[in-house]
Amino acid sequence: MITARAAATFEPVGRSVATARGFVRDTLQGWGLSDIVDDAVVLTSELVTNAVVHAGTAAEVLCLRDEDGVRIEVIDRYPERELPLQEVNPQPASPDREGGRGLLLASALATRWGVDYTAADKRVWFRLDLPERPVGTRTAGPALPDTALPVTDTRVRVAVIQVDRSGSISAWNEDATELFDYPAEQVVGKPLTDFAAWPHTPGTGTGVAEALRLSRWEGSYGMRGSDGRTIPVYASHLRVRDSDGEPSTVCLLVREHERAVLQSPPRVHSHDNTGTAGDSQEQSAADPFEVFIGSPAPDDLDGLLQRTVERARDMLDGDSAYLLLATDDETELEVRASTGLPSARQRFARVPVETGSGRYGSARMPSVHEDLTVVPGAVPLLDGTGMRSVVTVPLKVEGRLTGSLGVATEAPGRYTNEEALRLQFAADRIALAVERARLTELERLRRGSLSFLVEASDLLAGTLDRDQTLALMAQMTVPTLATWCAVYTVADQGSEPKLSYVLHEDEDRIDNLKGLLAKVDPPEPVPTPGARVWTAPTEAAHSAAMRTSLRSVSLEGEDHQLSAGTSLATAAAVGGETVVLPLVARNRVIGMLTLGKPTDERFRQEILELAEDLSRRAALALDNARLYSERTAISQSLQRSLLPPELPDITGGIEREVIYRAAGEGNEVGGDFYDLFEIREGVYGFAIGDVCGTGPEAAAVTGLARHALRLLAREGLGGPAVLERLNTAILDEGARSRFLTLLYGEMHPQEDGSAELKVVCAGHPLPLRLRQDGSVEPAADPQPLLGVMEDLELYEQTVSLDPGDVLLCVTDGVTERREGTRMLGDDGLADVLGTCTGLNAGAVAARIMRAVERFASDAPSDDMAILAMRVPE
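What you are looking at is a predicted structure, and each value in this text was computed from that prediction instead of being measured.

K.L.:
I keep staring at the packing of aromatic side chains and nothing clicks. Help me out?
P.N.:
Describing an aromatic ring pair means giving the distance of the ring centres and the angle of the ring planes. Under the defined criterion, the tally for this structure stands at six aromatic pairs. Their ring planes at 55° and their centres at 5.9 Å tell us that tryptophan 172 and phenylalanine 180 sit as a pair that is tilted. Across the pair, phenylalanine 180 and tryptophan 172 agree in class, each one buried. Three or more aromatic residues joined by ring pairs form one cluster here, namely Trp172, Phe180, Tyr182 and Phe195. A cation sits over an aromatic face here: arginine 71 above tryptophan 125, 4.1 Å from the ring centre. Here the basic side chain of arginine 429 rests over the ring of phenylalanine 425, its NZ or CZ set 4.2 Å away from the ring centre.

What follows is the structure, encoded as structure tokens:
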């Protein structure tokens, strides 16, 4: 009968073999089967190696326990079998060959073994029977006096939380409700990550998601209570699966100071006291690093540091332990791992190495402090933690200080030089491994930083919109560099900073964060480079939370409780370290980039250096966007002044419609222009023209032409005289002059409902007249363009528009619309106009414009103007 089961799946990579060994060792140790652990680990290592290296597939390891022993199965997805061939003279196998060695070991070590094949997989199994032994306990500790027993609360509460495959909470017991003040119905279905304050840095170590996938995990972290505060806990995770094969993780949690309730005893390998001398030599030759850290050693820096402090604490029977790493210049130490302390509050905090007030003077040599109350401030990291006795030792590589390891306890006088020597021996064993892991992490962070900055530069260079630049700045920092971000901008030298953009990784907290920052005086716009700490948001959040909590105590009602919860959540969101980086561009502070962490969290130095590099790039991008916005606004304002303010209503109800499109991004006026104005009562002038080229120089001639037309026409001059004097004005511009095509006319509405037009067409596309019967014909003859010859002899032509007739005037951007070698042309325009019978002036202009746009797929490369006038029926 199967009494216990454990399973895990390992990816087809080399490190999976070591992970599988640890899985089997931990499983059998947990079942109390230490007598067969070594044989089981050796066989599992060989069989998983065969599956990973030779089969090349993922391997599933299944451990089954019964009353007499254990069966271990290694399953791969390569079901092909090799059948032995009958050879006349078989050659003896080489003892060094790898193929089949796992089965040879199974034959030698296992009680029974075998291989099962299916269409989908291959299952290699072995069985190890338990040796006969007297009934006894798995492990037992020494008898201790009551005063030496672990201290717990009056009632020990063990939170039992079950987490499903996706990482969501599926079960939550009453003790969990008592510990963290969340009812089950409020947390079931939500991810555990919403409540767990994990001690590792995302992206550089084992996170909560990875830990939930391990077969067994044990260690310290924090759980956020309903009031937003982090409660340190000690947890034991066990990966299980139900009868349907669905995996889940059972998490047992107690308060950190009650860790003895769940903490597993140190792993001890069983050895026969009657062993041979050779056995003793193997034991003495064991790697001191693995003896201290355990096997397999974590392959990431954070995991290695966390296991180091836990082993050091257990080795000296301490209440807490911590490890600090030195900066490159050895002048500061940075907190990287701790246990038994409020680690989140201290993580990445920095302290100077040299002696003095507030400095860490116990770094370069082993040191023992029998009572910290006698020498306050000797170990700043332990201030306010209740620790009394502490031993610290340096980590050195080739004589260079790389870190410091400390173990502390709440009782004074617990440690002597003997403990310092033991801890120093352990520190010497791990210093080189820690330094290698640190250098590997730094290299990974530097590569990631370069990739991040390249991507950030590309994104910032891709826009000249100020608001979009602000949004990109915030989105690139949250959550990669910080939990929340605020961008302040400074409009002019000496003006007050303005809060321009706020972002939080939790979108539900953005409004509350924005409201909080709006009540706080903005940081001073100091041009000094680098990040500086800003405490105002944290202080304001804590004050607001305190006031709200006091009001909620005196007032009843759900609204007050909700308000108190919101204030506490906001205080927790901004309660960590907040830094300000100046945004300096062209020797002027144009804003500040503010980055923040939640309660009890600090920034690591590498992140601040990366944020400083980003702030320099972002400042230049923001200033470029500001300059572009200002110049665009000025340009558009000047361009709008070249267009007619509005079109007048024409006597007799004659309809008129204009469509204008300037080529080029940001251009409102180009080389094409139009105008429709009243010359005198009952007489109206209209014009449509095209200046050679596009852009500002063409727009300058446009302004000259439009204003000159109005002025000369209102002086009573006829059409030829108006254009001849305009020609002279254009030629007077000298090198700035541009030739100009222009259609100018005067409209005289008649009492019978028709309209008489006097038209001069100076080099411009001819106007087209659409009659009611659908016929289309030119309404003028071509004449010389303006700005080329000094002596022009122009004449005007008279055109009558009957009721229902339409006069269409366009620029060459319409007729010269191209798609490859095809061009719309005058004939194509006339064909489109012929389909507009019965339409009003607005519909005619819209149909012409739609036909032009559909003629080619590319965006228009020339300015276009369409003027349509229709005499009502």
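K.L.:
Would you explain the sheet that holds strand β28 (residues 768-770) in this entry?
P.N.:
Either a parallel or an antiparallel arrangement is found when strands of a sheet pair, and the pairing is made through backbone hydrogen bonds. In spatial order, the strands read β23-β34-β31-β28-β29; together these five strands make up an open sheet with antiparallel pairing. A strand with exactly one partner marks an edge of an open sheet, and here the two such strands are β23 (655-661) and β29 (776-778). Averaged over all adjacent pairs, the angle separating strand axes in this sheet is 20°, with direction ignored. With three bridges joining them, β28 and strand β31 (residues 806-810) adopt antiparallel strand pairing. When the bridges of β31 are listed, leucine 770 appears paired with valine 806.

K.L.:
Which parts of the structure should I look at to understand helix α18 (residues 719-731)?
P.N.:
Here α18 contains 13 residues, and its C-alpha end-to-end distance of 19 Å stays within 8% of the 18 Å for a straight helix at 1.5 Å per residue. If you check which residues of α18 are buried, you get Gly719, Pro720, Val722, Leu723, Leu726, Asn727 and Ile730. Seen end-on, α18 carries its buried residues on one side only, within an arc spanning 160°.

K.L.:
Explain the pairing of strand β3 (residues 69-76) here, please?
P.N.:
Each regular strand shows side chains that alternate between the opposite faces of the sheet. Within β3, seven of the eight residues are buried, leaving the element largely enclosed by the surrounding structure. Across six bridges, strand β2 (residues 59-65) lies against β3 in antiparallel orientation. Counterpart to arginine 65 in the pairing with β3 is valine 70. Counted between consecutive antiparallel strands, the loop separating β2 from β3 contains three residues.

K.L.:
Would you take a moment to explain helix α9 (residues 301-315) for this structure?
P.N.:
Think of an α-helix as turning once every 3.6 residues; residues three or four places apart then point the same way. Between its first and last C-alpha atoms α9 spans 21 Å; for 15 residues at 1.5 Å apiece the expected length is 21 Å, and the two agree. Among the 15 residues that make up α9, eleven are buried, leaving the element largely enclosed by the rest of the structure. Turning to α9, its buried residues are Leu301, Asp302, Gly303, Leu304, Leu305, Gln306, Thr308, Val309, Glu310, Ala312 and Arg313. Within two residues after α9, aspartate 317 carries a phi angle of roughly 50°, on the positive side.

K.L.:
Can you walk me through the packing of helix α20 (residues 825-834) against helix α21 (residues 841-855) in this structure?
P.N.:
The relative placement of two packed helices is expressed as an angle between their axes plus a distance between the axes. Look at α20 against α21: their axes get within 10 Å of each other, and the N-to-C directions meet at 135°. Compared by their axis directions, α20 and α21 come out oblique. α21 is crossed by α20, and the crossing has right-handed handedness. For the pair α20 and α21, the contacting residues are Leu829, Val832 and Leu833 in the first and Val844, Arg847, Ile848 and Ala851 in the second. Considered class by class, the residues forming the contact of α20 with α21 number six nonpolar, no polar and one charged.

K.L.:
Honestly, the side chain of aspartate 371 in this entry has me stumped. Any pointers?
P.N.:
Its location among the elements puts aspartate 371 in the loop between β15 (367-369) and β16 (389-397). Taking relative accessible area as the criterion, aspartate 371 reaches 19% and is therefore assigned buried.

K.L.:
Explain the pattern of salt bridges to me, please; I cannot follow it from the model alone.
P.N.:
Where side chains of opposite charge bring their charged atoms close, a pairing between them can arise. Applying the stated rule across the entire model yields 33 salt bridges. The residue arginine 313 makes a salt bridge to aspartate 314 at a minimum N-O spacing of 3.2 Å. For arginine 706, the salt bridge goes to aspartate 675, with nearest N and O atoms at 3.7 Å. Residue arginine 706 is found in helix α17 (residues 696-714), and its partner aspartate 675 is found in strand β24 (residues 672-680); the two are separated by 31 residues along the sequence. You can call aspartate 675 buried: its relative accessible area is 2%. One continuous salt-bridge network, built from bridges that share partners, spans Arg769, Arg771, Glu777, Asp802 and Asp805.

K.L.:
Sorry if this is basic, but what is going on with the packing of α9 against helix α11 (residues 417-461) here?
P.N.:
Look at α9 against α11: their axes get within 10 Å of each other, and the N-to-C directions meet at 170°. Judged on the interaxial angle alone, α11 and α9 are roughly antiparallel. Contacts from Leu301, Asp302, Leu304, Leu305, Thr308, Ala312 and Met315 of α9 reach α11 at Arg422, Leu423, Ala426, Ile430, Ala433, Val434, Ala437, Arg438 and Glu441. Its residues placed into classes, the contact of α9 with α11 shows eleven nonpolar, one polar and four charged.

K.L.:
When you look at the nonpolar core in this model, what are you seeing that I'm missing?
P.N.:
Most often, soluble globular proteins keep nonpolar side chains buried together rather than apart. Among the nonpolar cores identified, the biggest contains 33 residues, and Met473, Leu583 and Leu595 are the most heavily contacted of them. Counting only elements with at least two residues in this core, the list comes to α11, α12 (466-477), β18 (484-489), β21 (578-585), β22 (588-596) and α16 (605-640). Looking at which element gives the most residues to this core, the answer is α16, with nine residues. Filtering out sequence-adjacent residues up to four positions away, leucine 595 remains in contact with Thr477, Ala482, Trp484, Cys485, Glu577, Thr578, Val579, Leu581, Phe603 and Ala611. The next biggest cluster of nonpolar side chains, apart from the first, holds 31 residues, and it includes Leu28, Val37, Val41 and Leu47.

K.L.:
What is the right way to look at the pairing of strand β11 (residues 247-255) in this model?
P.N.:
With five bridges connecting them, strand β6 (residues 159-163) and β11 associate as antiparallel partners. When the sheet's bridge partners are listed, glutamine 162 is paired in β11 with valine 250. Bridging between strand β10 (residues 230-241) and β11 involves nine bridges; their strand directions are antiparallel. Bridged to arginine 239 within β11 is threonine 249. The hairpin turn running from β10 into β11, its antiparallel successor, is five residues long, and glycine 245 in that turn takes a positive phi close to 85°.

What counts, and at which threshold
Residues numbered from 1 in each chain as written. Predicted model: local features only at pLDDT ≥ 70, side-chain atom pairs only at ≥ 80, totals over all residues. Heavy atoms only, no water. Phe/Tyr/Trp six-rings, centres within 6.5 Å; stacked < 30°, edge-to-face > 60°. Buried < 20%, exposed > 50% of the residue type's maximum accessible area, 1.4 Å probe, protein only. Lys NZ or Arg CZ within 6 Å of the ring centre and 35° of its normal. Pairing = 2+ DSSP bridges. Helix = DSSP H or I, 4+ residues; strand = E, 2+ residues; numbered from the N terminus. Axes fitted to C-alpha atoms, helices over the stretch in contact; angles between N-to-C directions. Expected span 1.5 Å × (residues − 1). Arc of directions from axis to C-beta. Parallel < 35°, antiparallel > 145°, perpendicular 65-115°, else oblique. Left-handed = near helix turned anticlockwise from the far one by under 90°. Contact = heavy atoms within 4.5 Å. Nonpolar A, V, L, I, M, F, W, Y, C, P; charged D, E, K, R; others polar. Salt bridge = Lys/Arg side-chain N within 4 Å of Asp/Glu carboxyl O. Core = buried A, V, L, I, M, F, W, Y, C linked by side-chain atoms within 4.5 Å.

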